[in-house]
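# Commentary on secondary and tertiary structure
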Amino acid sequence: MLNITYPIFQAPMAGGITTPELISETSNCGGLGNLGAGYMDPKEIKEAIKQIRSLTDKPFGVNLFIPNVREVHFDEKELTAMTVLLNQYGQELGIEVPVSNQVNNYKALYENQLEEVLRERVPVASFTFGIPDREVMTELRKNGTVIIGTATNVKEALELEVSGVDIIVAQGSEAGGHRGTFHEEASGLVGSMALIPQVADAVYTPIVAAGGIMDTRGIAAAMALGATGVQLGTAFLTCKESGAAEIYKKTLLNSTEEQTTFTKAFSGKLARGIGNRFIHEMAEQTSLPFPLQNDLTASIRKKAAMLKQPDFMSLWAGQGVRMVKETTVKQLMRELIEGK
Ligand SMILES: Cc1cc2nc3c(=O)[nH]c(=O)nc-3n(C[C@H](O)[C@H](O)[C@H](O)COP(=O)(O)O)c2cc1C
């Protein structure tokens, strides 16, 4: 279906991590590189695709966030309280977190991103946080684009199957980064070992397993449980070609499995990352909804990255983090394909 040699996906990872080099090198090695385009504007997507195409003639994917159809509700008092709180961290970093109740228009962004994805006739389009509309799927299909959805439990997988996606990524709770859950609080946080066989029993659509897979043992296990492919995020973060900040890579290389934790503090949406001062201190606070919390913490995360201050960065990572290595895509793919 995908015209790839090995069913190994480099996970889409938004936030500048999935560089054209990371993506093209994965695809050149016979896997599927994926652009995490969730936060990118159409111009950036266009430029990234141009670069990917200059580096590979193999298939690649583009990943988008399905915006929440409901309005983002928040209380003005909560917003002020959160801004005051975040400004304590802002002060430490020498910045001011502006008081803003302007939720960026993510629906408009998504629509513009989609237009670009359609214009570029990309080989693969994947989605998280929801299901693309029927019309969108029809347009993608006309271009011959393979459509991938993300599920975190059987209910979501069944809904994706009914919608007609070609492939379902089953994301276990070991996974680094945001949960792809779209029935917000009802995810169940199911781990890959339990999730993959239950999804495999429930749907006919091919499943790609994601969450905690770091090497051939993980791949073999996922296949034994009913997956036809695998998607790895954390393992690719420490590759030379990854756009993760050096301090982020260094932290991952020194982290262990018990250090990851779930938090909503950075974005308002549940995500797994390395526990740090920001996550621990914010644990008692109720975050504002996604994407408002994400917009509010953006300046803190950016400045912290500039100052190489991991205490205030979102260090997304999965539970397999002890197994990351300082490596290249070529070396990682060779190990994933051949074993050690
Ligand atoms: C830094 C980071 C960013 C991520 N961003 C996205 C994203 O933009 N879209 C998406 O569908 N999944 C995203 N994910 C989740 C991955 O697609 C995948 O489910 C996860 O990395 C698999 O678990 P692993 O990290 O244990 O390999 C992200 C994961 C990480 C670690």
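For the structure, see preceding data.
Cut-offs used in this document
Here the residue numbers are simple positions, counted from 1 along each chain's written sequence. Under the rules for a predicted model, residues below a pLDDT of 70 receive no local features and side-chain atom pairs below 80 are neither given nor counted, while totals for whole chains, interfaces and linings still include all residues. Only hydrogens and water are set aside when side-chain values are computed; all heavy atoms of the structure are taken into account. One heavy atom within 4 Å of a molecule or strand makes the whole residue count as near it. Polar contacts, as used here, are pairs of N or O atoms within 3.5 Å; protein pairs need one atom able to donate a hydrogen and one able to accept it. Residues neighboring in sequence count only if both atoms are side-chain atoms. Only the protein chains shown count as cover for residues, and the accessible areas themselves come from Shrake-Rupley with a 1.4 Å probe. Here an angle of 0 to 180 degrees is reported between the N-to-C directions of two axes, which are lines fitted to C-alpha atoms, with helices fitted over the stretch in contact. Every helix listed is a DSSP run of H or I at least four residues long, and every strand listed is a run of E at least two residues long, numbered separately from the N terminus. In this scheme the crossing of two helices becomes right-handed for a clockwise turn of the near helix relative to the far one and left-handed for an anticlockwise turn of less than a right angle. Residue contacts are defined here by distance: any two heavy atoms, one from each residue, within 4.5 Å place the two residues in contact. When residues are sorted by character, Ala, Val, Leu, Ile, Met, Phe, Trp, Tyr, Cys and Pro go into the nonpolar class, Asp, Glu, Lys and Arg into the charged class, and all the rest, Gly among them, into the polar class. Throughout this description, the term nonpolar core refers to a set of buried Ala, Val, Leu, Ile, Met, Phe, Trp, Tyr and Cys residues connected via side-chain atoms within 4.5 Å. Only protein chains enter the area calculation, which uses a 1.4 Å probe; residues under 20% of their type maximum are buried, those over 50% are exposed, and those in between are partly exposed. One bridge is not enough; two strands pair if DSSP finds at least two bridges between them. Note on disulfides: each one is a pair of cysteine sulfur atoms within 2.5 Å. Put simply, two rings from Phe, Tyr or Trp (the six-membered ring, in Trp's case) pair if the centres are within 6.5 Å, and we call them stacked under 30 degrees between planes, edge-to-face over 60, tilted for the rest. Two conditions define a charge sitting above a ring: the NZ of Lys or the CZ of Arg must be within 6 Å of the ring centre, and it must be within 35 degrees of the ring normal. Every crossover in which the path from the first strand over the helix to the second runs clockwise, viewed with the strands pointing away from the viewer, is termed right-handed.

In the vicinity of the ligand, 22 residues are found, and the nearest of them are Pro-12, Asn-63, Gly-212, Gly-233 and Thr-234. Within the backbone of Ala-14, one N or O atom sits 3.1 Å away from an oxygen atom of the ligand. Gly-212 is positioned such that a nitrogen or oxygen atom in its backbone is 2.8 Å from an oxygen atom of the ligand. Computed on the free molecule, the ligand has an accessible area of 600 Å², of which 96% lies beneath the protein chains in the complex.

So, on to the packing of helix H6 (residues 154-163) against helix H7 (residues 192-202). The geometry of H6 relative to H7 is characterised by a closest axis approach of 9 Å and an angle of 35° between their N-to-C directions. Relative to H7, H6 is oriented so that their crossing is right-handed. Between H6 and H7, the contacting residues are Val-154, Ala-157, Leu-158 and Glu-161 on the first element and Gln-198, Val-199 and Ala-202 on the second. Considered class by class, the residues forming the contact of H6 with H7 number five nonpolar, one polar and one charged.

Across the junction of Phe-290 and Pro-291, the peptide omega takes the value 5°, indicating a cis bond. The phi torsion at Phe-129 lies on the positive side, around 70°, for a residue other than glycine. Here Phe-129 is to be found in the loop between strand S4 (124-128) and helix H5 (134-142). Positive phi, normally seen in glycine, also occurs at Leu-189, with a value near 45°.

Time to look at the environment of Leu-114. Assignment of secondary structure puts Leu-114 in helix H4 (residues 106-119). Along the primary structure Leu-114 and Leu-140 are separated by 26 residues, whereas in three dimensions their C-alpha atoms are 9.3 Å apart. Excluding anything up to four places from it in sequence, Leu-114 contacts Leu-64, Phe-127 and Val-136.

What tends to happen in soluble globular proteins is that the nonpolar side chains get buried as a cluster. Core analysis: the largest hydrophobic core is formed by 54 residues, its most contacted members being Leu-86, Leu-232, Phe-236, Tyr-248, Leu-252, Phe-278 and Met-282. Ranked by residue count, the leading element in this core is helix H3 (residues 76-93), at six residues. Apart from residues no more than four positions distant in its own chain, Leu-86 is found in contact with Val-97, Phe-278, Met-282, Leu-296, Thr-297 and Ile-300. Ile-52, Leu-64, Met-137 and Leu-140 belong to the second-largest nonpolar core, a separate cluster that totals 33 residues.

Here we come to the sheet that holds strand S11 (residues 271-274). Spatial ordering of the open sheet is given by S7-S11-S10, a layout of three strands whose pairing is antiparallel. Bordering the open sheet on either side are strand S7 (177-178) and strand S10 (260-263), each of which pairs with just one other strand. Strand direction decides the pairing type here: S7 and S11, joined by two bridges, are antiparallel. Bridge pairing links Gly-177 to Arg-272 in S11.

Take the state of the cysteines next. Counted according to the given criterion, the structure contains zero disulfides. Here Cys-29 stays unpaired: no disulfide links it, and the sulfur of Cys-239, its closest cysteine neighbor, is 9.7 Å away.

Right, let's talk about the packing of aromatic side chains for a bit. Within this structure, the stated rule accounts for eight aromatic pairs. Ring geometry for Tyr-39 against Phe-65: centres 5.0 Å apart, planes inclined by 85°, an arrangement best described as edge-to-face. Remark: Phe-65 occurs in strand S3 (residues 60-65) and Tyr-39 occurs in the loop between strand S2 (33-36) and helix H2 (42-55); sequence separation between them is 26 residues. Taken together, the aromatic side chains of Tyr-39, Phe-65, Tyr-106, Phe-129 and Phe-290 make up a single cluster linked through ring pairs. When the ring centre of Phe-129 is taken as reference, the NZ or CZ atom of Lys-269 above it lies at 4.1 Å. Between Arg-272 and the ring centre of Phe-262, over which it is positioned, the NZ or CZ distance is 4.2 Å.

Attention shifts here to the pairing of S4. Within S4, five of the five residues are buried, which leaves it mostly tucked inside the rest of the structure. Side chains Val-124, Ser-126 and Thr-128 project from S4 onto one buried face, and the interleaved Ala-125 and Phe-127 project onto a second face that is buried too. In terms of strand pairing, S3 meets S4 through five bridges, oriented parallel. In the strand pairing of S4, Val-62 is matched with Ala-125. You can see the chain leave S4, run along H5 and come back into strand S5 (residues 146-151), and the turn it takes is right-handed.

This part covers the sheet that holds strand S8 (residues 207-210). What the eight strands build is an open sheet, ordered S1-S9-S8-S6-S5-S4-S3-S2; its pairing is parallel. Of all the strands in the sheet, just strand S1 (8-10) and S2 have a single pairing partner and so form its edges. On average, each strand axis in the sheet is tilted by 25° relative to the strand beside it, whichever way the strands run. Relative to strand S6 (residues 167-171), S5 runs parallel, the two being bridged by four bridges. Bridged to Gly-149 within S6 is Ile-168. Lying over the sheet, H4 contacts S3 and S4, oriented at roughly 165° with respect to S3.

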